Structures are given as structure tokens and as C-alpha cells.
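Descriptive analysis of the structure
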Amino acid sequence: MKKALYYILAFALGTSLFASCEKEDPIGPSLVDLYGPFRILDSLTVPSTIDFTKDSLIIFGGTWSNISDWKITITGESSGAIKTIEGKSKTIDTLIASWDGTADGIFFKKEICSIQLTFKDYSDTITAKTTITELHDYSKDGIILEPFENTPVFYFNPLGTITLITNNSIPQGRKYAEIKSNEEITLNNQPKWWLGGFPGFIDNTLNFNFNETDSIYINFFAKGLGYTGSKISITAKEDQNDDGEIDVEYGYTTEDINSDNWQKYSISYSSLINNSITKKNNPSKLKELYISFVSDGIEGPKGFAIDFIIITQGKPL
Amino acid sequence: MRMRKIPIIIALSTLSLWTYAQNQKVSFNGAARSSIESNWLPETDTSNIDQSTGGNTVVDLRMDIKPSDNIRIKTDFRFANPMGGFWGQGAAIQLRHLSIKGVAGNIFKYRFGDIDLKMTPYTLYNTDGELSKNEAEIFKYTRNLNQEENFMYGNFWHQQGVDGAFRLGFDKLIQSADVSGFMVRNRSVEGSVIPDRLQGGTVVKCNINPTAYIGFNYISLFDLPKTVNNEAKEKYQNSVYSGIARMHIRNFALFAEAGASLVAYTDTSAIAIKDITGDFFEVGFERKFIANQLTFQTTYRRVSDDFYSAGAQSKRINYGSTPQVLPIVSENMYTRSVGLMDLVKDQTIYNQTITPQLMGYDYALNHVTPYGKATPNRKGVSVELDYTDSANVYATSVAADFLQDVRGEGTEELRNYLLLNWNGMLAIHKLLDVENTIQITAGVQYASSTRDGKGLVPNVDFQSIAYDAGIEIELIPRFDVLAGAKIVNAEGTEYFTTRTEFNEIDDYSVFSLETKQTLYAGGVRYRFNDNIALTLQGSTYSFADATTSTNDFSIQQVYLLFAMKF
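From a predicted model like this one, the values you see are computed outputs, not experimental measurements.

Rules of the game
- Residues numbered from 1 in each chain as written.
- Chains lettered and ligands numbered in written order.
- Predicted model: local features only at pLDDT ≥ 70, side-chain atom pairs only at ≥ 80, totals over all residues.
- Heavy atoms only, no water.
- Helix = DSSP H or I, 4+ residues; strand = E, 2+ residues; numbered from the N terminus.
- Rg over C-alpha atoms; globule rule 2.2 N^0.38 Å.
- Contact = heavy atoms within 4.5 Å.
- Lys, Arg positive; Asp, Glu negative; His and termini not counted.
- Charge placed at Lys NZ, Arg CZ, Asp CG, Glu CD.
- Buried < 20%, exposed > 50% of the residue type's maximum accessible area, 1.4 Å probe, protein only.
- Polar contact = N/O pair within 3.5 Å; in protein donor to acceptor, adjacent residues only side chain to side chain.
- Expected span 1.5 Å × (residues − 1).
- Patch = residues over 30% accessible without salt bridge, like charges linked within 9 Å, V, L, I, M, F, W, Y side chains within 5 Å.
- Areas by Shrake-Rupley, 256 points an atom, 1.4 Å probe, with all protein chains shown as cover.
- Salt bridge = Lys/Arg side-chain N within 4 Å of Asp/Glu carboxyl O.
- Pairing = 2+ DSSP bridges.
- pLDDT = per-residue confidence, 0-100.
- 1 Å grid on protein atoms, 1.4 Å probe; cavity = no way out; pocket = protein on both sides within 12 Å on 5 of 7 lines; lining within 4 Å.
- Points joined across faces, edges and corners; volume = space filled by probe spheres on them.
- Nonpolar A, V, L, I, M, F, W, Y, C, P; charged D, E, K, R; others polar.
- Phe/Tyr/Trp six-rings, centres within 6.5 Å; stacked < 30°, edge-to-face > 60°.
- Lys NZ or Arg CZ within 6 Å of the ring centre and 35° of its normal.
- Core = buried A, V, L, I, M, F, W, Y, C linked by side-chain atoms within 4.5 Å.

In this section: the overall build of chain A. For chain A, the helix and strand inventory stands at 3 helices and 20 strands. For 317 residues, the compact-globule formula gives about 20 Å, and the C-alpha radius of gyration of chain A, at 29 Å, lies well above that figure. Structurally, chain A occupies a C-alpha span of about 110 × 60 × 35 Å along its principal axes. Summarising the internal contacts of chain A: among those between residues at least 6 apart in sequence, 71% fall at separations of at least 24. Taking the average place of the 28 positive charges on the side chains of chain A and the average place of its 41 negative ones, the gap between the two points comes to 6 Å.

Looking now at the overall build of chain B. Scanning chain B for helices and strands turns up 5 helices and 24 strands. For chain B, whose C-alpha radius of gyration is 25 Å, the value lies close to the compact-globule estimate of 24 Å for 566 residues. Its C-alpha atoms give chain B principal-axis dimensions of roughly 65 × 65 × 60 Å. When the 566 residues of chain B are sorted by exposure, 49% land in the buried category. Look at the contacts in chain B between residues 6 or more apart in sequence, and 61% of them connect residues 24 or more apart.

Before going further, it helps to examine the environment of Tyr 334 of chain B. All names here are of chain B. Structurally, the position occupied by Tyr 334 is in strand β15 (residues 334-335). Along the sequence, Tyr 334 and Asn 48 sit 286 residues apart, while their C-alpha atoms lie 9.6 Å from each other. Ignoring any residue separated from it by four or fewer positions in sequence, one finds Tyr 334 in contact with Pro 327, Ile 328, Val 329, Phe 543, Asn 551 and Phe 553. Reaching out from Tyr 334, the side chain makes a polar contact with the backbone oxygen of Asn 551 at a distance of 2.9 Å.

So, about helix α2 (residues 137-149) of chain B. Under the 1.5 Å per step criterion, the end-to-end length of α2 of chain B is 18 Å for 13 residues, consistent within 8% with the ideal 18 Å. Backbone geometry just after α2 of chain B places Phe 151 of chain B at a positive phi near 55 degrees.

Okay, the environment of Ile 65 of chain B next. All names here are of chain B. Checked against the element boundaries, Ile 65 lands in strand β2 (residues 51-68). On the accessibility criterion, Ile 65 (14% relative accessible area) is buried. Taking the C-alpha atoms as reference points, Ile 65 and Ile 100, separated by 35 residues in sequence, lie 9.3 Å from one another. Leave out the neighbours within four places in its chain, and Ile 65 touches Lys 25, Val 26, Ile 71, Arg 72 and Ile 73.

The next thing to look at is a nonpolar patch on the surface. Residue and element names in this part refer to chain B. There is a patch of nonpolar side chains on the surface, built from Ile 36, Trp 40, Met 83, Val 524, Tyr 526, Phe 528, Leu 534, Leu 536, Val 558 and Leu 560 and spanning about 780 Å² of accessible area. At the level of secondary structure, the elements contributing two or more residues to the nonpolar patch comprise β1 (26-40), β22 (505-529), β23 (532-545) and β24 (553-565). Note on placement: Trp 40 falls in strand β1. Looking at Trp 40, the relative accessible area reads 32%, which means it is partly exposed.

Right, let's get into the pairing of strand β12 (residues 272-289) of chain B. Residue and element names in this part refer to chain B. Where strand β11 (residues 252-266) and β12 come together, 15 bridges link them in antiparallel fashion. Residue pairing for β12: Phe 252 is matched across the bridge by Arg 287. Between β11 and β12, which pair antiparallel and follow one another directly, the connecting turn spans 5 residues, one of which, Ala 270, has a positive phi of 65 degrees. Inspection of the sheet shows β12 paired to strand β13 (residues 294-303) by 10 bridges, in the antiparallel sense. Across the sheet, residue Gly 284 finds its bridge partner in β13, namely Thr 299. Adjacent in sequence and paired antiparallel, β12 and β13 are bridged by 4 residues, among which Ile 290 carries a positive phi angle near 45 degrees.

With that settled, the discussion passes to the confidence of the model for chain B. All names here are of chain B. When pLDDT is averaged along chain B, the result is 90; 95% of the residues meet or exceed 70. Considering each helix and strand of chain B separately, the mean pLDDT is smallest for helix α1 (residues 2-22), with a value of 49, and largest for strand β16 (residues 378-388), with 97. Here residues 1-6 scores under 50 on pLDDT; set against residues more than four positions off or in separate chains, the count is 5 contacts. We note a pTM of 0.75 for the whole complex and an ipTM of 0.80 for its interfaces.

Considering all chains together, one arrives at 1 cavity of 30 Å³ or more under this definition. Approximately 30 Å³ is the volume found for the largest cavity. Partitioned by chemical class, the residues of the lining of the largest cavity number 4 nonpolar, 5 polar and no charged.

Below, the discussion takes up the side chain of Glu 472 of chain B. In this fold, Glu 472 of chain B is placed in strand β20 (residues 460-476). Once residues within four sequence positions are removed from consideration, Glu 472 of chain B is found in contact with Glu 137, Thr 437, Ile 438, Gln 439, Asp 480, Val 481, Leu 482 and Arg 525 of chain B.

Quick look at the packing of aromatic side chains now. Per the stated rule, a full pass over the model turns up 38 aromatic pairs over all chains. Aromatic side chains Trp 64 of chain A and Trp 70 of chain A sit 6.5 Å apart centroid to centroid with 75 degrees between the ring planes, which places their arrangement in the edge-to-face category. Here the aromatic cluster, defined as three or more aromatic residues joined through ring pairs, consists of Tyr 361, Tyr 363, Tyr 371, Phe 462, Phe 496 and Phe 511 of chain B. Positioned over the ring face of Tyr 213 of chain B is Lys 205 of chain B, at 4.6 Å from the centre of the ring. The ring centre of Tyr 371 of chain B lies 5.8 Å from the NZ or CZ of Lys 315 of chain B, which sits over that ring.

Next up on the list: the environment of Gly 259 of chain B. Residues and elements named next belong to chain B. Within the element layout of this structure, Gly 259 appears in strand β11. For the pair Gly 259 and Asn 81, spaced 178 residues apart in sequence, the C-alpha to C-alpha distance is 48 Å. Beyond its immediate sequence surroundings of up to four residues, Gly 259 is in contact with Tyr 241, Ser 242, Gly 278, Asp 279 and Phe 280.

Residues and elements named next belong to chain A. In this structure, Asn 219 sits in strand β15 (residues 216-224). Among the polar contacts listed, one links the side chain of Asn 219 to the backbone oxygen of Tyr 217, at a separation of 3.3 Å. Here the side chain of Asn 219 touches Thr 312 through a polar contact of 2.9 Å, side chain to side chain. Excluding anything up to four places from it in sequence, Asn 219 contacts Tyr 265, Ser 266, Phe 308, Ile 309, Ile 310, Ile 311, Thr 312, Pro 316 and Leu 317.

Another point: the nonpolar core. Residues and elements named next belong to chain B. Leu 124 and Leu 343 are the most contacted members of the largest nonpolar core, which has 59 residues in total. Looking at this core element by element, the count peaks at 4 residues for helix α4 (residues 340-345). When sequence neighbours within four positions are dropped, the list of residues in contact with Leu 124 reads Leu 117, Lys 118, Met 119, Trp 157, Phe 182, Ile 219, Gly 311, Ala 312 and Ile 354.

So, on to unusual backbone geometry. Phi is mostly negative for residues that are not glycine, and the peptide bonds are mostly trans. Residue and element names in this part refer to chain A. Within the chain, Asn 207 stands out as a residue other than glycine whose phi angle is a positive 55 degrees. Note that Asn 207 resides in the loop between α3 (203-206) and β15. Under the relative-accessibility criterion, Asn 207 is labelled exposed at 51%.

Take a look at the structure:
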């Protein structure tokens, strides 16, 4: 038995000497890719013109020597719209750098866009230009409730104005709406709160057709007009017991609309609540949707600018 | 309400204890401890909370019950009352330990409940905490208390489950075989998503003669998917097996261990998406000289980069934890990480769970073998020389690890590692032949790593050096003056690795640091007898970051501790 033990120990020693001579491939990502000298191998490639009605995705191209954090910034020279795409890699291709014509904030127009590729850890910058000949079709992204290209119906309580303004640097299209009214204290010392609203957006007309589990977003652009205490309220009315009658309401009210610049609001349907019941809202039961102009209850002029109201499914606008 | 129950429970316990004691079937012992501490930041720190105080009183009542000659039940009840918990507010009674052990048929030993387990440094092993070798008595005293508080005894892992052992005798080839096995619960089911996780192992040790054996070890950490859902398929498994041999010829010993690991993961669709195998071996010899006072040991080991052993690589200290004492510090108001002071004073930084993911570590304390001998991707030679004279007047130890990567990390170039350790003890009172204890201890640890970047990537060039010194003087019988110092300097450039949940490296980030940590402590201790002591300590801890001086901070502490065992 002692001999057997000698053999085992000799084998282990022999194996160790043999194994220690092995030369094996490195593990993990290449350090040269991460920390080696930085070089652009293939410059940024962008088509000279883009027609988003034909190409749903525009694919960028480019290769550099190191894995690094990069950012592509697309700026509409006329509209000022911006789209940023970020990633960490040493190449950009179909999977990680494509553009469907959408914007981070206000939308692009048919315009020349400047494109800039920058790197977090390196000073190298690559620029290019492209021209949008046809715009992204947002009607494919959801249900457009109001684009504000024509004056919509809007009810006031009791007085107010809705004016369409034509401007190039606006979220979408050529026009947006400025809605103004006054909060007044009534005889019984109560403010009006509700200053106006669109007629209900009705399921029969718009065919909401959502599933219970869908993530639904109500999106719009808005900016302040210098008045305090102006808010936008959303009310969803559902027929939860399928008897053809509205039986429950859920609501959500924004903070004051007071930004000088256009802000994109994407309100998740699940954030609409009804404090008096515990039952969750259900988009498949949605029958009517109301978007209203409400105040903070303090006397004085109120108002805001608004553009492009759209419901999207799966992700915010 | 809780306070009303306490006297009743104590009375019932005492009554039943007394009854048992009459039949000599129960014995009890325990420990009691009361501590008060105050910690504060310097006046120059105007950004953070300046001071914290705390303390508590705990009494552990341990019962050893013998219902029959072959069965023992062990319990440990804790009565705890935090300082400031007046009239029972915050007071608690906990069952800290419960185990049943016995011998069936004078053959089979078994244990149920809380059990301590250890196998080999590559299979199941609770590697010592950083900078704990031969440290000053003033630090060792509090570190040991904190380790006991966390059931960290030696290199054992404290687990809950069952184990058993028996011995078989043979007439031929081998004299006997020791067989043992265990099964513990590593994680309990959580909701309908996270399944139960168990860990089981077995050891077979064949004793060829009293000085030689060969053996086999197997350990596996595995999920039970059906504990969350009948249709559940997701399963994680980490298994390690090894063969081990050791033989002595006079003062000379040869030993070896070799084995392999497997990490397997099956996803929710029952598709095996991970199957990672790794291996290791270690061979070495040991020689004793000068009537066994001097021991020389050398080993060669190779642990592959994909050797993963949860039982051996789980760290004793959780460096991701937030220190208990004044966690927000400096002008930058950042949450400090576990430092020198916490290593010896904080009982909340200990990791009590064997975890399959490689845990984080502090590069400044030991980046060469952060997971002990089982640290993956290391190969090389270790040498150790230990000397203790027969009268225990001198003791010294020198150890060196000359290691290298098995596979380059992100490059074909291999890192070279060096870990040197020296520590010594001198019992001056024995040298001078005086009654009262006068003893000094000292230690140095140097750790380095280097790798040539070949001009393409930053070089690895990182060093840390840690000093430890302590003195214990018994001024008058049983009245000790204690003092100690720990200093750690770290500087250089290294790469921090990011790993996936299966421990595969998926990213690196290069970093440079130049830091200095110091911990000075002084105090007095009166030992009423060998089991009861009152200690008053003062300490000052500082951290300096040469690259970002706004991260600098210091903490002062006064600590009063009464501890007894009965």
C-alpha cells in the first residue's frame, strides 16, 4: 500500500510539472481593446439622405480599436430636435446603433441633421451630415389623439381661448396650441378647478383594443406660458363589469406646467389611480379618456402650450 | 409584554435545570458580556455626524443536556439588552444554538441542528480573516470576541443541518476507513421564485497506518427547483471533488491534494446554459527539525482560473458591508469601506453564508490570495518556516508565496505575485524569569503584483505592506497594560475585475491608489480570574488617500468591556 501512495504522490508531482508548462489563452475581454492606444479604424458611416417611410431603421457603421463608451448625437439643424444613442463597444452595427427617426424631445422635421460621434474617455470626435427627406410615421407608434394641426374642439369653463401657433421649432408638425383661461372664485367661495377639456376620446371611435397586461402610455408635449398653477389632468373611465356602462374612473394630474421649453410627458396608464377603491385599473376595459385643463385653485390667469397627444403601447413615446 | 414573559421563562428554565441537575443529566455554562463604546470624528470634520455611542449587555446561557448516555443536546440562549433599552425596550431573548448529537450503536456518530463543518482548503474551509496572524493581544482579544459572536471557530463554517460519521476496520491493505457526510441548508425558499439550496458533502479517509492515509472529498451546493413550483426547472450547482494523500517517514511528510470543480446552471427552460469545469492540485512536503521545534514546509499548487468552490472561496469578512461605527466620513461625505478598525472591532462585518459568487475584497489587505489557497488563477510555490522553542519563549514564522497567473487576464502576459509574511513573539518574562507576563508580538506582511503592459496597456505594479506590533505587560498580578499598532500602506496600479454571476470575468477597470491606514490602541485589563476580565481601551484610526485628500478621515474610540465565562 505504501508503494501505491508513492505512486500517487509521484503522479501528482509529475502532473504538476507538466501542467505548469502549459500556455493558455487569456481570459476575459482583451485589455488592449480596453486600454490600448485609441484609433479610429472605420469612420462613421451615415446615408446622405433618409426616407423614414421606406427605411424604418437607419443603421450607422464605424469601428475603433478599443472597447469604449460612445455617444451618437443627432441634431436637427432647423428644428433643434435631438436624438442620442449610447453604447459601449468597439464597433457599431445593426444591433447597437440604429435610428428609427424618433427624437428624445421635440420631433425632427424634413431637414439637414448633423451627427456627432464622441467617446467618453477619448477626445476623438467624428461628425457627419444627413438629410431627412421623409419623417418617421408616428401613427405606427400608437393612437394619435390630437396632433394640433387643425383647431380642435375644446370646452372651457366658462371662458378661455385655444389658439394654434405656427412655428418651426415645435414638437411635431407645423402647429401647436396655446390654451388660456382664468381661475375665478365663485359665489360660494369655491374655485372652479376644472377650466376646460377636450371632448372624451371614445373607444368606439378610436378602437383602444388594449390587453389587460399591456403597458400603456399617454404622451404629449407641453410648456408653460408664464402662468402658475396650470396643470393637465387625465381621466380614464372603464367598464370593468362589461355591462356597457362606465363604472369606475381613474385619474392623474401633472405638476404645474411651467417650463419655458417643451417637455415630453409620458404618463403610464398604471399611474392613473382611484383613491376610493383598491381595484387596479385595466386598459382592456378603457371606454373613455378625458384630458383636461385644471388649476391649482388660486385666482388668476392660467394656461399652457400643448402639442401632439398620442397613446403608445409597450414603451413611452 | 415581552418583559413579562422573561421572568416566567427564566423561572421555568431554572426549575427544569435544577430538576435535571439533580439527576446529573444537565450541566450549564455560559458567557456574559457588557460593553460601552463612544466613537467620534475630529473637530475638523464638520460635514458628518460627529459622535456615536453604543453598547449592550448580553448573557449566553448554554445548556448541555444528556437525556441518555449516547445523546447530548446543546442549547445557547441569549438574553440581550442594548444600552439605552430602559425597562426592557429593545431587550431580546434568542436561541442562538441548538444541536443534538449522539452515537448510535457505539458505531455511528451523528449531529442535528447547528453544526460546524470543515473539509480541506479547496473544498470547505473558512479562511482566516485578513491581517489576523499573530496580531497584538489588544486586537486579538476583541477580534476573537467578534468571531465567537459570529460562530467563527477556527476554519469551520457554522451551518444548520445534519452530519454523521463512522469508522470501518480492515485486516488487509488499510487499517481503517473514516467515513463522514453532511447535508446543510444553505438558503431557504423565498416566495415562488428562489428555490431551496442545500449543500452536502462526504469525506472518505483510508488510514493505511497511523502516519499515512489517502482520501476522497466531495461537496456540492445545489438547488431544489421543485421547492418553488412543480414545473420549475432552473437549477444551480457547484460541485467539487478531490483526492488527498499524506504520509510520514520519520520527521518527513509528503502530502498532496488534487481535484476538480463543476459549475452547472440550467435555466427556466431546462436548457443547460453553463457548464464550467476547473481543477487544482497541490503537492508538498514537510520536515521537522530540532526535536520538532522547527518546521519547514514547501508546496507547489496550481488552481485553474475556472476553479470555483463556494465552500472554500466564500470570505469570512464581507467587504461589501457598511461599517457599524460612523460609516459616513470625510469632506466628501462618502460611505467608508471596511477598514483596519472594523476588522478588529466590528462584529457586523462577518459573512455567515457560503455564497457561490466570488466576494469582493480589499486590495490593500491581501490581493494575492484573497480566497486563501483556493484563490482561482494562481500557480506557484509556497514556503513556510515555523519555529517555537520548547519553553515557548520565542516563536517566529516566515512564509512566502511566489505565485503567478495560470492564464493571463485580458492579456497573454501573466501577473507575478509575491506574498511575504513574518511574525514573531517574544515572552520576555520567561527570558528574564519573572512571574508577571511581559510579551511582545510583531508581524509584517508584504504583498505585490506586477505585470508588464508591453507599452500597450498600463502596467500592473501594486504593493501593500502591513505592520503589526503589540505589547502586553502585567504590571501587577492580573492587571495588564496592552498596546498595539497596525499600519497598512498600499500603492500602485492594478485592475479591478468585474465578474458575471457565474464568476466569469466580463470587464476590467484599471485603478491607481496610494493609501495609508493606521490603527493605534492602548488600554488596561484586569483579569479577575482566568474567565473574567474588565478592559478599557482607547484607539485612534485614520485613513489617508494621497490621490484624493478629501477622502481622508480619522475616528477615535473609547471602549469599555466586561467579559466573563462561567
